[in-house]
Amino acid sequence: VTDTMLVAVYHDCMKEYPDLTQLENQFHDAFRYLKYYFPEAPAPRVYSYISGFDYRNPVQLAGENILIALDLYLGAGYPRYKQLGVPAYVLEGFDRKYILRDAMTEIAKTSIPFDRAGNKLLDRMILEGKIKWFVHAMLPDISQEALFGYTPAQLTWAKENEGLVWAFILENEMLYSPDPMVNRKFIGQNPFTSYFGQESPPRLGQYIGYRMVDQYMQRNSGVNLLQLLQNSDAQKILQRSGYKPKL
């Protein structure tokens, strides 16, 4: 509490977040959906704090507590971020519009049996798709740009080239590949998906995974959200989704 840098950052946070009422109301609405889908789940307690730029953990879930590092949601242009050496494409996520999304992402992970998740590209895509589907269920008004962290141009690219990306994965026999490099290029935090050039959006594996899961849930109305999250059979989800994007 006497560190001059942290004190300065605290004051910057107070300027950006002088009143948390709007954020509290947004969490209240999200927790209503959480209670709808998971009646037995207790509503988490939400705390904000100054992390000292712990940029790998902007939101943490500790038991029934959600911890939000406000100093990691001051906007990509916040001048102190440049001193961290964090790439610009990562800084784009340091925006207040992602607080709810990031919090719901952490909650989603608590219901997924990661020990049963495989390491093939299909496994990872379905895993990320399930997380995104949960977030959208908790935040039904979230835009697809905010859900995926895309610009409007990136989202348009993903939609227009979905069939092309899927065909590329199949033709190059990547779908069942356990190669960590393939997973990182399709799932990891990158400025773009290198297989498709610098104009492509990043994390295309997450986008396609969401599309698979979304079609699966539309075609299988008897499956509830908890059953989806706990289903570790990525192959069955793919088959029962009927996913076949057009070229």
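Here the structure is shown first, and the text comes after it.
Residues numbered from 1 in each chain as written. Predicted model: local features only at pLDDT ≥ 70, side-chain atom pairs only at ≥ 80, totals over all residues. Heavy atoms only, no water.

**Student:** Explain the pattern of salt bridges to me, please; I cannot follow it from the model alone.
**Tutor:** Pairing of side chains with opposite charge becomes possible as their charged atoms draw close. Evaluation of the coordinates by the stated rule reveals 7 salt bridges. K109 is paired through a salt bridge with E106; the nearest N and O atoms lie 3.5 Å apart. With a gap of 3 residues between them, K109 and E106 both fall in helix α4 (residues 99–109), about one helical turn apart. Assessed through its relative accessible area of 24%, E106 is described here as partly exposed. Of the charged contacts, one joins R124 and E128 as a salt bridge, the two residues approaching to 3.8 Å between their closest N and O atoms. Of this pair, R124 and E128 both sit in helix α5 (residues 121–138), 4 residues apart, which is roughly one turn of the helix. Classification of R124 by relative accessible area gives partly exposed; the value is 26%. (Salt bridge = Lys/Arg side-chain N within 4 Å of Asp/Glu carboxyl O. Helix = DSSP H or I, 4+ residues; strand = E, 2+ residues; numbered from the N terminus. Buried < 20%, exposed > 50% of the residue type's maximum accessible area, 1.4 Å probe, protein only.)

**Student:** Whenever I open this one, the sheet that holds strand β1 (residues 45–49) confuses me. Can you help?
**Tutor:** Picture the strands of a sheet paired through backbone hydrogen bonds; they go either parallel or antiparallel. The 3 strands lie next to each other as β1-β3-β2, forming an open sheet whose pairing is mixed. Two strands lie at the open edges of the sheet, namely β1 and β2 (59–62), each paired on one side alone. Taken over all neighbouring pairs, the strand axes of this sheet differ in orientation by 20° on average, direction set aside. Against the sheet, α4 engages β2 and β3 (65–69), with an angle of about 35° to β2. (Pairing = 2+ DSSP bridges. Axes fitted to C-alpha atoms, helices over the stretch in contact; angles between N-to-C directions. Contact = heavy atoms within 4.5 Å.)

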